[in-house]
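Survey of secondary and tertiary structure
Read off the chains here:
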Amino acid sequence: MVVPIVIRWGIRIPHLLNYAIMSTHSKVDKVVLVIPEKYGESLKHYIKTFYSWLLDRVTIFPIPFNVGFSYIKKQTADIPKPYIVAYPEIKYLEKILQKLFSEGVKKDDIVFNATEAFWLGTYVVARNFTSKGIGVLTISSFENVLSSPVKVMWRIVGKKIVDQISIAIAHTHTTKRFLLKLGLPEEKVNVIYPGIDTKMFMPKKCRKLEKDITFLFVGRLDAEKGIKELIKAWKRIDVHSNLRLVFVGDGRLRNLVVKLVQDHDNVRYLGFVPDKELPKIYHLGDVFLYLSKPKYLYGMKIWEEQFGFSVVEAMASGLTVVVTNTGALPEIVPSPPNYILNLRDLQPAHLAQKIVKIARSLNEHELCRNGVFNRVLVEEKYNVWKQSQKLASMLIH
């Protein structure tokens, strides 16, 4: 029986759910999730609320993480510390291993799964454990931008760990291309899409489209999600039209959304919504808008959309989806029946025209047909109950 130790710097709960459900695989004894201590309670609460039956199979260890290199530690608060130079404190990982060994787990039964090949935490695990015969090293990757910081880190750690990586899970084909450019051997890179809980996100009933069409956004209200562009475009749409817009989420641009609501009767803002309410939220919309765009730092591209869990949740819920041609989104979202906009379409006047054109082109029959298509697609490709089993099979191979 194998015990995967999954180490994550951040906490994407839908992503971690894929690893937690690996515990149901016949050859997995238990799954250990190692995350930064500040996220511990929220993850435990989520699993206890929705998947309490997993508590006997999944152990969550919130532990301290450090940030390498003194000049990064001295950064001002307004400049985000790059996660690639963060790493879990070794003594806590050692305690976790000691606990597992005391329970009868053997060194050869352990599979470390770390975030990204170039992550400093991956190197720390390799140097302190797998290079000494404790477990095997695997990685899971969403990254798709070969930025300068990534290149620098890979030059520092790559030669020391590339031979130790037994399996690399790319969560999209876009990520696989990135990993190959990074220098990982193709025979080690395998594509397994993450999944969402298709039992939780159920399709809404096809409704009679009487007058209004509702566009919905669920996610972070931040610049890289195209929020500013959407707000500017919506100001060009007639407030008395049959179009409605609903925002759900929180973020740095919250005040701009609140101001739009104050000035436009056809816009609603529901704020942050608890996880248990999200399935119902998706049923408020007809069309899901996800206008992601690349993120730049000092003119250097450092991020593009890596998967889009809320997009897949919307498709599972039976919505037609509108996304941008960036990152992995064109791979995840088929068009037709959905819509993929070019980044130049985010210019406010163009975007307003696109939104109106899409709304006019959709009738109740097409919305229903699109919803059925998207639901079937998610069941086949992005179903967490299937994908977690594929993930476990690959990691324990």
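Shown above is the structure to which this text applies.
Presented here is a report on the structure given in the accompanying data block. (Residues numbered from 1 in each chain as written. Predicted model: local features only at pLDDT ≥ 70, side-chain atom pairs only at ≥ 80, totals over all residues. Heavy atoms only, no water.)

Taken together, the seven strands give an open sheet; going across it, the order is β3-β2-β1-β6-β7-β8-β9, and neighbouring strands pair in parallel fashion. Both outer strands of the open sheet, β3 (58-63) and β9 (189-191), are each paired with one neighbouring strand and no more. Taking each pair of neighbouring strands and ignoring which way they run, the sheet shows an average axis angle of 20°. In terms of strand pairing, strand β1 (residues 3-7) meets strand β2 (residues 31-36) through three bridges, oriented parallel. In the strand pairing of β2, isoleucine 7 is matched with valine 34. (Pairing = 2+ DSSP bridges. Helix = DSSP H or I, 4+ residues; strand = E, 2+ residues; numbered from the N terminus. Axes fitted to C-alpha atoms, helices over the stretch in contact; angles between N-to-C directions.)

Looking now at the side chain of glutamate 305. One can find glutamate 305 in the loop between β15 (300-303) and α11 (309-316). Of the residues examined, glutamate 305 reaches a relative accessible area of 5% and is grouped as buried. A distance of 2.9 Å separates a polar atom in the side chain of glutamate 305 from a polar atom in the side chain of lysine 225. Separated by 2.8 Å, the side chains of glutamate 305 and serine 292 make a polar contact. (Buried < 20%, exposed > 50% of the residue type's maximum accessible area, 1.4 Å probe, protein only. Polar contact = N/O pair within 3.5 Å; in protein donor to acceptor, adjacent residues only side chain to side chain.)

Once that is clear, we can look at the packing of aromatic side chains. Think of a pair of aromatic rings as described by two things: how far the centres are apart, and how the planes are tilted against each other in angle. With the rule as written, the count across this model stands at 20 aromatic pairs. On the numbers, 6.3 Å between centres and 70° between planes, the contact of phenylalanine 215 with tryptophan 234 is edge-to-face. Taken together, the residues phenylalanine 215 in strand β10 (residues 213-218) and tryptophan 234 in helix α8 (residues 227-234) connect sequence positions 19 residues apart. Judged on exposure class, the residue phenylalanine 215 and its partner tryptophan 234 are both buried. Note that arginine 12 overlies the ring of phenylalanine 142, its terminal NZ or CZ placed 4.4 Å from the centroid. Over the ring of tryptophan 385 we find lysine 199, and its NZ or CZ is 4.4 Å from the ring centre. (Phe/Tyr/Trp six-rings, centres within 6.5 Å; stacked < 30°, edge-to-face > 60°. Lys NZ or Arg CZ within 6 Å of the ring centre and 35° of its normal.)

Right, let's get into the pairing of strand β6 (residues 110-115). Most of β6 sits inside the fold, with six of its six residues counted as buried. Burial of β6 is two-sided: the residues Ile110, Phe112 and Ala114 facing one way and the residues Val111, Asn113 and Thr115 facing the other way are all buried. As judged from the five bridges shared by β1 and β6, these two strands associate in the parallel manner. Its bridge partner being in β6, isoleucine 7 is matched across the sheet by alanine 114. Sheet topology note: the β6/strand β7 (residues 136-141) ladder contains five bridges and is parallel. Residue pairing in the sheet places alanine 114 in a bridge with isoleucine 139 of β7. Regarding topology, helix α5 (residues 120-128) serves as the crossover connection from β6 to the parallel β7, and that connection is right-handed. (Right-handed = clockwise from strand over helix to strand, strands pointing away.)

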